[in-house]
Amino acid sequence: MKKVSIIVGVAVIVFGIVLATSFKSELCPYVTVSYVVSKGRVNNVQVNGTIVPRSTKILPNNTLMFNLSDGRTQMRVIYHGILSHYQEGIPAVVVGSYYGGIFHAREVLLKCPSKYKVMEENYSTKKVVKG
Amino acid sequence: MKMDPGYLFLILSTLSFSSSAIMSYLYVKGSVEWGYVKKANLLAFCFSLLSFLVLLYYFLARDFNVKYVFFYSDTHLPLIYTISAVWAGREGSLLLWLLYLSVFILLSTKKGDRVSAFANTLMCIVALFFNFLLLTSSNPFVRLNFTPPEGWGLNPLLRTPEMALHPPAIFLGYAGMTVPFAFAVAATYYREEWIPRTKNYLLIAWTFLGLGILLGAWWAYKTLGWGGYWGWDPVENSSLLPWLTASALIHGILVEEKKRGMKAVNYALAVVTFDLVILATFITRSGIISSVHAFARNKEAYAYLLLIALSTLFALVVALRRRDVFGEVELNLRDRLIQVSILIFSLSTVTILVGTLTPLLIRASVTRMFYRHIEIPLGTILVILLGVCVMAYRKDREVYRGVIKSAIAGIAFGIICYALTHLLLASLGVGIFVFSLAGLVQGYAKRVNLRRVGAIAAHLGLILLFIGVMGSWMYESSYTHINMGVGQSVKVGDYILKLNGFNEVNGNGKFSVIAYVSVYKDGKLVGVMHPKLVIYNLMRNDRIVASVDIISLPLYDLYIAMGGVTETGIASFEFYIVPLVSFVWIGSILIILGGLISAMAGYDARRES
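Being a predicted model, the structure only gives us computed values, none of them experimental.

Chemist: Looking at this model, I keep getting lost on the overall build of chain B. Mind explaining?
Modeler: Counting its secondary structure elements, chain B contains 19 helices and 11 strands. The C-alpha atoms of chain B give 26 Å as radius of gyration, which agrees with the globular expectation for 609 residues (25 Å, within 12%). Considering only C-alpha atoms, chain B reaches an extent of 85 × 75 × 50 Å along its principal axes. Partitioning the contacts of chain B with sequence separation of at least 6, the portion at a separation of at least 24 is 72%. Charged side chains of chain B number 50 positive and 34 negative; the gap between the two group centres comes to 6 Å.

Chemist: Just checking my understanding: could you explain the packing of aromatic side chains for this structure?
Modeler: The description of two aromatic rings rests on the distance between their centres and on the angle between their planes. All names here are of chain B. Considering all chains together, one arrives at 34 aromatic pairs over all chains under this definition. Look at Trp 218 and Trp 585: their rings are 5.1 Å apart centre to centre, the planes differ by 70°, and that puts the pair in the edge-to-face class. With Trp 218 in helix 9 (residues 195-223) and Trp 585 in helix 19 (residues 581-608), this residue pair connects regions lying 367 residues apart in the sequence. Residue Trp 218 is classed as partly exposed on the basis of its relative accessible area of 31%. We classify Trp 585 as buried; its relative accessible area is 12%. Aromatic pair Trp 230 and Trp 232: ring centres 6.0 Å apart, planes at 85°, arrangement edge-to-face.

Chemist: Looking at this model, I keep getting lost on a positive patch on the surface. Mind explaining?
Modeler: Judged by side-chain charge, Lys 395, Arg 397, Arg 401, Lys 405 and Lys 446 of chain B come together as a positively charged surface patch. In this structure, Lys 446 of chain B sits in the loop between helix 17 (424-444) and helix 18 (450-474).

Chemist: Help me understand the pairing of strand 5 (residues 510-521) of chain B, please; the structure alone is not making it clear to me.
Modeler: In regular strands, side chains alternate between the two faces of the sheet. All names here are of chain B. The pairing of strand 4 (residues 495-507) with strand 5 spans 12 bridges and is antiparallel. Across the sheet, the residue bridging to Val 505 is Ser 512, located in strand 5. Connecting the antiparallel pair strand 4 and strand 5 is a turn made up of 2 residues, with Asn 508 showing a positive phi of about 55°. When strand 5 meets strand 7 (residues 532-536), the two strands line up antiparallel, connected through 5 bridges. Bridging across to strand 7, Lys 510 finds its partner in Tyr 536. Here strand 5 pairs with strand 6 (residues 524-529) via 5 bridges, running antiparallel. Looking at the pairing, Ser 518 lines up with Val 528 of strand 6. Linking strand 5 back to strand 6 in an antiparallel pair, the connection comprises 2 residues, with Asp 522 at a positive phi of about 50°.

Chemist: Would you take a moment to explain the sheet that holds strand 11 (residues 571-579) of chain B for this structure?
Modeler: Hydrogen bonding along the main chain pairs the strands of a sheet, whether they run parallel or antiparallel. All names here are of chain B. The 4 strands are arranged 2-11-10-9 in an open sheet whose pairing can be described as antiparallel. Of all the strands in the sheet, just strand 2 (477-484) and strand 9 (549-552) have a single pairing partner and so form its edges. Averaged over neighbouring strand pairs, the angle between their axes works out to 15° when direction is ignored.

Chemist: Honestly, the packing of helix 7 (residues 161-176) of chain B against helix 8 (residues 178-189) of chain B in this entry has me stumped. Any pointers?
Modeler: A pair of packed helices can be characterised by two numbers: the angle between their axes and the separation between those axes. Residue and element names in this part refer to chain B. The interhelical angle for the contact between helix 7 and helix 8, taken along N-to-C directions, is 0°, at an axis separation of 4 Å. By the angle class used here, helix 7 and helix 8 are roughly parallel. Contact with helix 7, carried on its side by Tyr 174, Ala 175 and Gly 176, involves Thr 178, Val 179 and Pro 180 of helix 8 and no other residues of that element. Its residues assigned to classes, the contact of helix 7 with helix 8 shows 4 nonpolar, 2 polar and no charged.

Chemist: Would you mind going over the pattern of salt bridges with me for this structure?
Modeler: Opposite charge on two side chains makes pairing possible when the charged atoms of those side chains draw close. Residue and element names in this part refer to chain B. As enumerated under the stated definition, the model contains 13 salt bridges over all chains in all. When the shortest N-O distance is used, the salt bridge between Asp 4 and Arg 143 registers 3.5 Å. Taken together, the positions of Asp 4 in the segment before helix 1 (5-29) and Arg 143 in the loop between helix 6 (114-135) and helix 7 put the pair 139 residues apart, joining distant regions of the chain. On the basis of relative accessible area, Arg 143 is assigned to the partly exposed category, the value being 35%. Linking Glu 162 and Lys 222 is a salt bridge whose minimum nitrogen-to-oxygen distance equals 3.4 Å. Here Glu 162, found in helix 7, pairs with Lys 222, found in helix 9; they are 60 residues apart in sequence, far enough to count as distant. Accessibility expressed as a relative area gives 7% for Glu 162, which makes it buried. For Lys 222, a relative accessible area of 28% translates into the label partly exposed.

Chemist: I keep staring at the nonpolar core and nothing clicks. Help me out?
Modeler: As a rule of thumb, nonpolar side chains are buried together in soluble globular proteins. One finds Trp 97, Tyr 229, Tyr 267 and Ile 278 of chain B to be the most contacted residues of the largest nonpolar core, which totals 162 residues. Those residues in contact with Tyr 229 of chain B, other than ones at most four positions away along the chain, are Ala 217, Ala 220, Tyr 221, Glu 236, Gly 468, Val 469, Ser 472, Trp 473, Val 581, Val 584 and Trp 585 of chain B. Of all hydrophobic cores here, the second largest spans 23 residues; its members include Phe 66, Val 94, Phe 103 and Leu 110 of chain A.

Cut-offs used in this document
Residues numbered from 1 in each chain as written. Chains lettered and ligands numbered in written order. Predicted model: local features only at pLDDT ≥ 70, side-chain atom pairs only at ≥ 80, totals over all residues. Heavy atoms only, no water. Helix = DSSP H or I, 4+ residues; strand = E, 2+ residues; numbered from the N terminus. Rg over C-alpha atoms; globule rule 2.2 N^0.38 Å. Contact = heavy atoms within 4.5 Å. Lys, Arg positive; Asp, Glu negative; His and termini not counted. Charge placed at Lys NZ, Arg CZ, Asp CG, Glu CD. Phe/Tyr/Trp six-rings, centres within 6.5 Å; stacked < 30°, edge-to-face > 60°. Buried < 20%, exposed > 50% of the residue type's maximum accessible area, 1.4 Å probe, protein only. Patch = residues over 30% accessible without salt bridge, like charges linked within 9 Å, V, L, I, M, F, W, Y side chains within 5 Å. Areas by Shrake-Rupley, 256 points an atom, 1.4 Å probe, with all protein chains shown as cover. Salt bridge = Lys/Arg side-chain N within 4 Å of Asp/Glu carboxyl O. Pairing = 2+ DSSP bridges. Axes fitted to C-alpha atoms, helices over the stretch in contact; angles between N-to-C directions. Parallel < 35°, antiparallel > 145°, perpendicular 65-115°, else oblique. Nonpolar A, V, L, I, M, F, W, Y, C, P; charged D, E, K, R; others polar. Core = buried A, V, L, I, M, F, W, Y, C linked by side-chain atoms within 4.5 Å.

Function cannot be inferred from these measures alone, as they are strictly geometric.
The structure is reproduced here in structure tokens:
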């Protein structure tokens, strides 16, 4: 009985160490557009913002360029790949690194279809009445 | 102001649940008959159903004056998706939760003894929590002060059969997990057994939760266009968490049923599973783009947290006051192995919980790799363990011999696989696959009956799922920068893709551009694929959807998505070769069928006795 408990205890401790190590190496902090731009060079971060309308450039090789804004600062984002529901003017999170004045996105997360609140906030009843 | 009939029914449902909760308490005191509790529960169900039907009616009548109807439907929406739009948002989903729970309360408390009375009170309090949300911050019957001529429209991505059925399946699973929780607490309080009463509810809830998760994964695969089916997104994770703890519980009750203990572990698992479904309901329906602002933005968050805290605290107090019922009996080899599997399920849960909650706690989140680094080894250990565990009902020496036989088979197949493919990890995977399969065959060959068919199906499913996940995650080939004009062809890997042309289809509230891409291998036509871009006639921002096309072959899928078309007629594509993904679907379906068969077998057994 005691032997089993020791084995399980050791296994759980080993697991804890592996978990902590993996957690640390795969952690990707959230930062703002202003922070990224002011730093000039940042590795492996996530930036939350809105895709600036009329800023999108579609380049060959499935490459997409657009500006991301946090309301104060904008930055240029470049992404290779297909985004199934890309639109301008919607909130997005870009994941990647910033260097040479451009954010190189490894991932672009757009508003997930099962998340609704953002849309309601952007288009509240008042706005609908106005226009 | 006139009160909306739907809202009125919600109030009546609240009153019925309240009276049921109070009367079941009085029943225990001996001052009322059980019949009154039954009637109150029936009324609660009827009023919840009526409220739901009123909301459904507004959708069918396209009453865009109702804010919820305005946001989730439009005049072009086909009937089937107009119905599914009822649960496309937070308010309707919570109403569905309440409706399911009212059914579970009605069915599970039939017996009418003191344990069901106590459980009834607890479940009614949970129902009242949802009533409260529906009457206040998540009221689906809020009206606009004018009537728009057209609705905002259901998100185009949700217009698929999978997404129409995914929420009803998931929420059935969530609501069902309330039953084991309530009975575990109530029965422990009276020092009685809770497992025989709730086992079938647990199996049903687990099955539907699994079905919901599978539908979500299948939808992601054929809709989102990145060639994968599981992105470790907070919403996906949150539904997997209670599924994992419920899986652990299903194994734990095997030991407790034989009167050998593990009572404390099972009790804890029932409580944690309930906590996790409440957490999942919050994460799924709180409407947050990145979970980081969840608490600041959503007042309801605190209500959910409070429910989780109170139910855990209450369960803990009951457990501490009834410490004496948790005595352990000496466990045998099989019980020990089951304990290890429960440990693995639990570690898996902790990992996903840490990853999912990170954005809520600090300003950061973890990447997909965090999950893969931990979950792949854990899953592998679980599958190996399965191969041993299913034989462990035998004498120790026979188990040992059986394991040796399985190991020989596994090593042999692994070596053959390596000789043929020179892929180390794939060969290791095949070896483990064969090892566990051999264990399964040895373990069940001589004792097949209906009750075990469920277990066999679920375990076989897990082994297939393992090899499918292994293949599709480690050996997927992706070609993301493919550009072709009409008549041009491109070589990708062993394949040649040729763009034959485009077609445009207009109608039914949408406009589609369909590409015709022929796929050749070794000079032979494999098939013609039709990736699409669909533009919906909606006011919404997200009205353009890329629709993928898939050719499923037995050992791999060919998967293509179209990114866009330039004015000069050059289209861009992503092409993926996803190995063994069909094993993922077949494995998952077997796991779900296994749950269903076990529940049916249990139901038969109960009727016979």
